[in-house]
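Each chain, written out:
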Amino acid sequence: MTTPDSTYAKPFLTVREQIRRLRERGMECGTHAYAAAVLERYGYYRLSGYWHLYRVRPAPPAPGFDEEGREIRLDSFVPGVELAHVVSLYEFDHELRSRLGDVLSAIEISFRFFIGHRLGRVDKFAHRKPELLGAMRDADERPLARAWHALIRRPVARRETPTRAYLDWLDEYDRHEKRARGDFVLHFRDKYGPHLPIWVATEVMSFGVLSKLYGLMPQADQEVLAARFQINAADGRGDRGALANWLNSLRNIRNIYAHYGRLWNRTFDVLIDAPGRSRKDAEDPLHSLAGEGVNNKLYGVLLVMQHLLRSISPTREDVVEIVDLIEERSRTVGFSTTQLGFPSDWRDNPIWDRGRALDDAPMLAASLLDRVDALTAPQARATLTAAEPEPSAEPRTPRQMDGAKRGAQKSLLRTYLRYKVVIEIELGATKYYPAFQFRDGKIIDALAEINRNFAFKCPGASSAELAKAMVDWWQAPHPDLPAALDGSDQSPLDLLVAVPEYEFEETVRRADATSSFAVRGKG
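A few points on the structure. Only a predicted model underlies this, so the values are computations on that prediction, with no experimental measurement involved.

One finds L302, I326 and W352 to be the most contacted residues of the largest nonpolar core, which totals 96 residues. The dominant element in this core, judged by the number of residues it contributes, is helix α4 (residues 83–120), at 16 residues. Filtering out sequence-adjacent residues up to four positions away, W352 remains in contact with Y299, L302, L303, Q306, V319, V320, V323, W346 and R347.

In structure tokens form, the structure reads like this:
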């Protein structure tokens, strides 16, 4: 037997006593039978969150807020408050919660796929390999020794260990994995062992564990996912910090939803971040997230959900329908949308226009990066080791030679781009180049010629559409090319890897394989 550690001293009240107390404090409760049915159906404590606003404020000069900044309300109710009105607020909140749940499910399922897919390209068990996530730290606990070795310029062998954040995450994830009992999980365990590959693991972890995994991913992968959803920092790159914050905010909303908590007139614990680009641009549809009174209220959550849903399923109008419901019920039930964080001019925000679409180029570019190993511009330049610096009349120092070499590599990549011989994918102000285009320190000549012809065939295509069409052609199996050893159709890229360039060119010409190239429009 244990003694509760609590100073709570209020007495238990029967339903009859609860009704009497509400009446004594000024609430019109209707008939006893009606009030009893309501309290037995929903509970006194649960409904108290909906009648709180109708309690009387202290009259000046009495303080209106306590020492922690919370508004003070007295026990009595303002005149005219009815239990039926409180019930209508509760039932509206129930409908609101149900509708938000549908949108949350769509967003959650999408992120389970994108995070699992992004990591799965690296390794099927990437979530169990912190070195692949970049979640490692220096294990040497002797800072004075490290400083001494640095002073005398003597290299010291580094020992690395997983970060505490990763170890905590893995401990939490393991609990989820062990508890999972779905048919597909049991199948994997019976056939392969207890540990699940990442694309299955993302299906058994909670949304909170999933959002923490996003924060453990390599920075470049976090930025790709943020840019995919057009959550951009001030410099145009994907704002990984804002996306991590959004996922945490949605995790909080999901927990409230799962426990039937109140969403109406609630101040949320997680403050929502405005992406860097939205923060500095007053015309951006997400700019209001930077303001107080929005970033911790339901309106801020709806902005986030509307933006994400437009990226995931552009034709769905669920969130627009939710704000329409809120506006309509604010009139019929009787509350102000400002209580939910809606600015006075919220209807002027184009994010609520029906049929409004986001630019699909970032989503298209990100899908290409999921399909190919790609190099950033600095990485691509570094591979161009065949680039030769311009001759110099004066001898160069080793440092000058390095600089001249880097300049030549940069110039060579610019030349490739000028002549449209290289596939370029742009996402979040970062340019990427599929790695399969380079060999022996330069672009593959046969590939470059085909790319150039494709580019000049489609002068009106956007860069994203052209890049997709090119990657499609190189990767798609072609029935007129020689079959692989196992009898399956080879793609042009398979053939390019398997045979010398001269043979590749002749085979492609005989098969007329380039005639299948086409830009099929957006998406």
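There is about 1,100 Å³ of room inside the largest pocket. In this structure, the largest pocket is lined by 29 residues; those nearest its centre are Y44, Y45, S48, G49 and R55. Looking at the lining of the largest pocket, the elements that each hand over two or more residues are α1 (15–24) and α3 (44–51). No other element matches α3, which puts seven residues into the lining of the largest pocket. The class makeup of the residues in the lining of the largest pocket is 12 nonpolar, seven polar and 10 charged.

The antiparallel open sheet is built from three strands, whose spatial order is β3-β5-β4. Taken across any chain shown, the strands that pair with only one partner, and hence form the sheet edges, are β3 (374–376) and β4 (425–427). Put simply, the sheet's adjacent strands are angled 35° from each other on average, direction ignored. Pairing of β4 with strand β5 (residues 430–434), which is carried by three bridges, proceeds in the antiparallel orientation. Bridge assignment links I425 to a residue of β5, and that residue is Y432.

Glancing now at the packing of aromatic side chains. Scanning the entire structure with this criterion turns up 22 aromatic pairs. Ring centres 4.7 Å apart and planes at 50° place the aromatic pair Y299 and F342 in the tilted group. With Y299 in helix α14 (residues 298–312) and F342 in the loop between α15 (318–334) and α16 (361–369), this residue pair connects regions lying 43 residues apart in the sequence. What makes Y299 buried here is its relative accessible area of 1%. Given the relative accessible area of 2%, F342 is considered buried.

Looking now at helix α2 (residues 32–42). All of the buried residues in α2 are A35, A36, V38, L39 and Y42. Summarising the axial view, the buried residues of α2 lie within an arc of 160°, below the 170-degree limit, and thus occupy one face. Opposite the buried face of α2, at more than 90 degrees from it, the exposed residues are A33, E40 and R41. At its buried positions, α2 is contacted by α1, α3 and α4. Downstream of α2 by a residue or two, G43 has a phi angle that is positive, lying close to 95°.

To characterise two packed helices, one gives the angle between the axes of the helices and the distance between these axes. Across the interface, α2 lies against α3 with an axial gap of 7 Å and an inter-helix angle of 100°. As far as their axial angle goes, α3 and α2 are roughly perpendicular. Contact with α2, carried on its side by V38, L39 and Y42, involves Y44, R46 and L47 of α3 and no other residues of that element. Class assignment for the residues of the contact of α2 with α3 results in five nonpolar, no polar and one charged.

One can find N296 in the loop between α13 (276–280) and α14. Sequence-distant contacts of N296, defined by excluding residues within four places in its chain, comprise R266, T267, F268 and L271.

Another point: empty space enclosed by the protein. Applying the stated rule across the entire model yields one cavity of 30 Å³ or more. Estimates place the volume of the largest cavity at around 40 Å³. In terms of lining residues, the largest cavity is bounded by E223, V224, A227, R237, G238, L427, G428, T430 and Y432. For the lining of the largest cavity, the secondary-structure elements that each account for two or more residues are α11 (219–228) and β5. Taken together, the residues of the lining of the largest cavity break down into four nonpolar, three polar and two charged.

Residues P60 and P61 are joined by a peptide bond in cis, for which omega reads 10°. Its identity as a non-glycine residue notwithstanding, Q230 has a phi of 55°, on the positive side. Position of Q230 relative to the elements: it lies in the loop between α11 and α12 (240–258). Although it is not a glycine, K420 sits at a positive phi angle of roughly 60°. Along the chain, the position of K420 falls in the loop between α18 (398–418) and β4.

The rules we used
Residues numbered from 1 in each chain as written. Predicted model: local features only at pLDDT ≥ 70, side-chain atom pairs only at ≥ 80, totals over all residues. Heavy atoms only, no water. Core = buried A, V, L, I, M, F, W, Y, C linked by side-chain atoms within 4.5 Å. Buried < 20%, exposed > 50% of the residue type's maximum accessible area, 1.4 Å probe, protein only. Helix = DSSP H or I, 4+ residues; strand = E, 2+ residues; numbered from the N terminus. Contact = heavy atoms within 4.5 Å. 1 Å grid on protein atoms, 1.4 Å probe; cavity = no way out; pocket = protein on both sides within 12 Å on 5 of 7 lines; lining within 4 Å. Points joined across faces, edges and corners; volume = space filled by probe spheres on them. Nonpolar A, V, L, I, M, F, W, Y, C, P; charged D, E, K, R; others polar. Pairing = 2+ DSSP bridges. Axes fitted to C-alpha atoms, helices over the stretch in contact; angles between N-to-C directions. Phe/Tyr/Trp six-rings, centres within 6.5 Å; stacked < 30°, edge-to-face > 60°. Arc of directions from axis to C-beta. Parallel < 35°, antiparallel > 145°, perpendicular 65-115°, else oblique.

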